[in-house]
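Fold and contact review
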Amino acid sequence: MKAVTYRGPGSMKVVEKALPRIEHPDDIVLRVTRTAICGSDLHLFHGLVPDTRVGATFGHEFAGVVEEAGPGVASLQRGDRVVVPFNIACGTCFYCQRGLTGVCDNSNCSCSMGGGAFGYSHTTGGYEGGQAEFVRVPYADIGPFKIPEDMEEEDLLFLSDILPTGYQAAEMAGIKKGETVCVFGAGPVGLMAMQSAWLMGAGRVIAVDRLDYRLDFAKSWAGVETLNYEREGYAHVIGRLREMTEGRGPDACIDAVGCEALGSKWQTLLGKAKLQAGSATALTWAIQAARRGGNVVMIGVYGPPWNMVPMGEAMNKGLTIRGAQCNVKRYLPHLLEHIRAGRLNPKAIISHRFPLENGAEAYRIFDEKRDECIKCVLIPQAA
Ligand SMILES: NC(=O)c1ccc[n+]([C@@H]2O[C@H](COP(=O)([O-])OP(=O)(O)OC[C@H]3O[C@@H](n4cnc5c(N)ncnc54)[C@H](O)[C@@H]3O)[C@@H](O)[C@H]2O)c1
Ligand SMILES: [Zn+2]
Ligand SMILES: [Zn+2]
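What counts and what doesn't
Residues numbered from 1 in each chain as written. Chains lettered and ligands numbered in written order. Predicted model: local features only at pLDDT ≥ 70, side-chain atom pairs only at ≥ 80, totals over all residues. Heavy atoms only, no water. Helix = DSSP H or I, 4+ residues; strand = E, 2+ residues; numbered from the N terminus. Rg over C-alpha atoms; globule rule 2.2 N^0.38 Å. Buried < 20%, exposed > 50% of the residue type's maximum accessible area, 1.4 Å probe, protein only. Donors = N, O, S within 2.8 Å, 3.2 Å for Na, K, Ca; no water. Tetrahedral: all angles 85-135°; square planar, octahedral: opposite > 155°, others 65-115°. Near = heavy atom within 4 Å. Polar contact = N/O pair within 3.5 Å; in protein donor to acceptor, adjacent residues only side chain to side chain. Areas by Shrake-Rupley, 256 points an atom, 1.4 Å probe, with all protein chains shown as cover. 1 Å grid on protein atoms, 1.4 Å probe; cavity = no way out; pocket = protein on both sides within 12 Å on 5 of 7 lines; lining within 4 Å. Points joined across faces, edges and corners; volume = space filled by probe spheres on them. Nonpolar A, V, L, I, M, F, W, Y, C, P; charged D, E, K, R; others polar. Salt bridge = Lys/Arg side-chain N within 4 Å of Asp/Glu carboxyl O. Arc of directions from axis to C-beta. Contact = heavy atoms within 4.5 Å. Phe/Tyr/Trp six-rings, centres within 6.5 Å; stacked < 30°, edge-to-face > 60°.

What follows covers the overall build of the protein chain. When you go through the protein chain residue by residue, the secondary structure sums to 13 helices and 17 strands. Relative to the 2.2 N^0.38 estimate, which gives 21 Å for 383 residues, the radius of gyration of the protein chain is 20 Å and therefore close to what a compact globule would have. Principal axes of the C-alpha set define a box for the protein chain whose edges measure 60 × 45 × 40 Å. Taken over 383 residues, the protein chain has a buried fraction of 58%.

Written out as structure tokens, the structure reads:
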């Protein structure tokens, strides 16, 4: 089968690999019909995630058709169409029982990381990813979510990750009716957080990014106000946000950028000098911009080592800071209803579709934000 694999920083290649097989009675093998590239894949692609091995297949956002089900699988059979959460979760451990499928104890035993995830280095378990024609899905009675007959794979593809991630971010932001939410990053995850913030009762939503085409999309698709931090000047971002919010700052700030944020020279230098894990510019801005007593949410990805963020400011302002790898599973039935009712329209953000064979090119376009790229979907030939 064909699979999109890592060759080293900045390099992907589509290669032939052996078909995955049932390794445990609870596995299924899925024939992938749609798979997307995520901002999280870019951290791997840039070589920032430890123990990312050459030859590994990436991809944790996918939907497809069950090709084969192991003898222990009760809820699925060959031919069923499913979308699969990016978390690999056992369903029975201490964390899974509490709905925290993002930190399952059995799918990944690396304590400072979260649970297992598809195609996301050996620090999340070394599982093969879904940017391939087929993928093995463990604990198949737990993660996969059946796609209703009247819906297409693309309608629900983003239930695998970015929609529940943005929704969980808005939920963690603790938005009270009429409050102002600022979302740093107008990529796919930020966009989902913006639409979700309205559902949680936000009165104003402000998007911050440096890419006008993404800000324009956010404005028209999610109906938000926008701020281009590059045009504003890095030193003025916080001042401008305060001006926009009666001098106080937004009630909640969401970091939907993560460890590769641009915009602060010293944060970038600290990252390059390996004194911290990448750049924490967006998180720093979120802390600085939020009003006193406000909420800051980190859904942009950071690695376990420390980052130099202004904790003193966060403490003195009385901020509440929350963050997580999304616990995808628990949001799915609810989000399906929002999509069905047209309150959320995630597939509208797809800007590019490529055959799986063109996976390496798709990575380059998404990474370099060329051709007004927002979200790439790869389509295997057999789909
Ligand atoms: N927590 C989770 O479960 C989860 C799930 C999916 C993705 N993520 C993470 O969410 C983040 C965003 O993912 P994405 O797919 O939207 O990625 P993306 O790369 O498409 O978007 C990131 C956006 O941030 C902008 N940006 C860069 N520096 C900025 C700054 N200082 N201030 C404001 N904007 C800035 C970029 O221009 C870009 O538009 C990534 O870190 C990804 O790993 C987390
Ligand atoms: Zn993702
Ligand atoms: Zn578990």
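At 1.8 to 2.6 Å from the zinc ion (ligand 2) lie its protein donor atoms, namely Cys38 (SG), His60 (NE2), Glu61 (OE) and Asp161 (OD). Seen from the zinc ion (ligand 2), its four donor atoms lie at angles of 83 to 135°, and the figure they make is irregular. Sequence spacing of the donors to the zinc ion (ligand 2): C-x21-H-E-x99-D. Of this pair, His60 sits in the loop between helix H1 (39-45) and strand S4 (61-69) while Asp161 sits in the loop between helix H3 (153-156) and helix H4 (162-172), placing them 101 residues apart in sequence. Residue His60 shares its accessibility class with Asp161, and that shared class is buried.

So, about the site of ligand 1. In the vicinity of ligand 1 there are 33 residues, among which Ser40, Asp209, Val257, Leu262 and Cys326 approach most closely. Between Leu262 and ligand 1, the recorded distance is 2.7 Å, taken from a backbone N or O atom to a nitrogen atom. At 3.0 Å from a nitrogen atom of ligand 1 is found a main-chain nitrogen or oxygen belonging to Ile299. A total of 870 Å² of accessible area belongs to ligand 1 in isolation, and the protein chains cover 96% of it.

The next subject is the layout of surface pockets. Of the volumes computed, that of the second largest pocket is approximately 230 Å³. Forming the walls of the second largest pocket are 15 residues, and the residues nearest its centre are Pro20, Arg21, Glu23, Glu128 and Arg136. Across the lining of the second largest pocket, the residue classes break down as eight nonpolar, two polar and five charged.

Trans peptide bonds make up the majority, and among non-glycine residues the majority have a negative phi. Positive phi values are uncommon outside glycine, yet Asp51 reaches one of about 55°. For Asp51, the position within the fold is in the loop between H1 and S4. Residue classification places Asp51 among the partly exposed residues on the basis of a relative accessible area of 38%. Positive phi values are uncommon outside glycine, yet Tyr139 reaches one of about 45°.

If the charged atoms of two oppositely charged side chains come close together, the side chains can form a pair. Within this structure, the stated rule accounts for 24 salt bridges. A salt bridge links Arg136 to Asp27; its shortest N-O distance comes to 2.8 Å. Remark: Asp27 occurs in the loop between strand S2 (11-16) and strand S3 (28-36) and Arg136 occurs in strand S8 (residues 134-137); sequence separation between them is 109 residues. Asp251 is the partner of Arg291 in a salt bridge, and the nearest nitrogen-oxygen pair spans 2.6 Å. Pair noted here: Arg291 is in the loop between helix H10 (281-289) and strand S14 (295-298) and Asp251 is in the loop between helix H8 (237-244) and strand S13 (252-255), with a separation of 40 residues, a long-range link. For Asp251, a relative accessible area of 14% corresponds to the buried category. Connected through salt bridges with shared partners, the residues Glu23, Asp27 and Arg136 form a single ionic network.

Given 3.6 residues per helical turn, the α-helix brings residues three or four places apart onto the same face. Gln267, Leu270 and Gly271 are the residues of helix H9 (residues 265-272) that are buried. Within H9, the buried residues cover an arc of 100° as seen down the axis, which keeps them to one side. Seen from the buried face of H9, the exposed residues on the opposite side, beyond 90 degrees, are Lys265, Leu269 and Lys272. On its buried face, H9 sits against H10. Lys274 sits one or two residues past H9 and shows a positive phi near 60°.

What follows is about the packing of aromatic side chains. Summed over all chains, the structure comprises ten aromatic pairs. Between Phe94 and Tyr95 the ring centres are 5.0 Å apart and the planes differ by 80°, which places this aromatic pair in the edge-to-face class. On the basis of relative accessibility, which here comes to 49%, the residue Phe94 falls in the partly exposed class. Owing to a relative accessible area of 29%, Tyr95 belongs among the partly exposed residues under this scheme.

This part is about the coordination of the zinc ion (ligand 3). All of the protein donors around the zinc ion (ligand 3) are Cys90 (SG), Cys93 (SG), Cys96 (SG) and Cys104 (SG); their distances to the metal are 2.3 to 2.4 Å. Note that the zinc ion (ligand 3) binds four donor atoms; their angles at the metal cover 102 to 118°, and the shape is tetrahedral. What makes Cys104 buried here is its relative accessible area of 1%.

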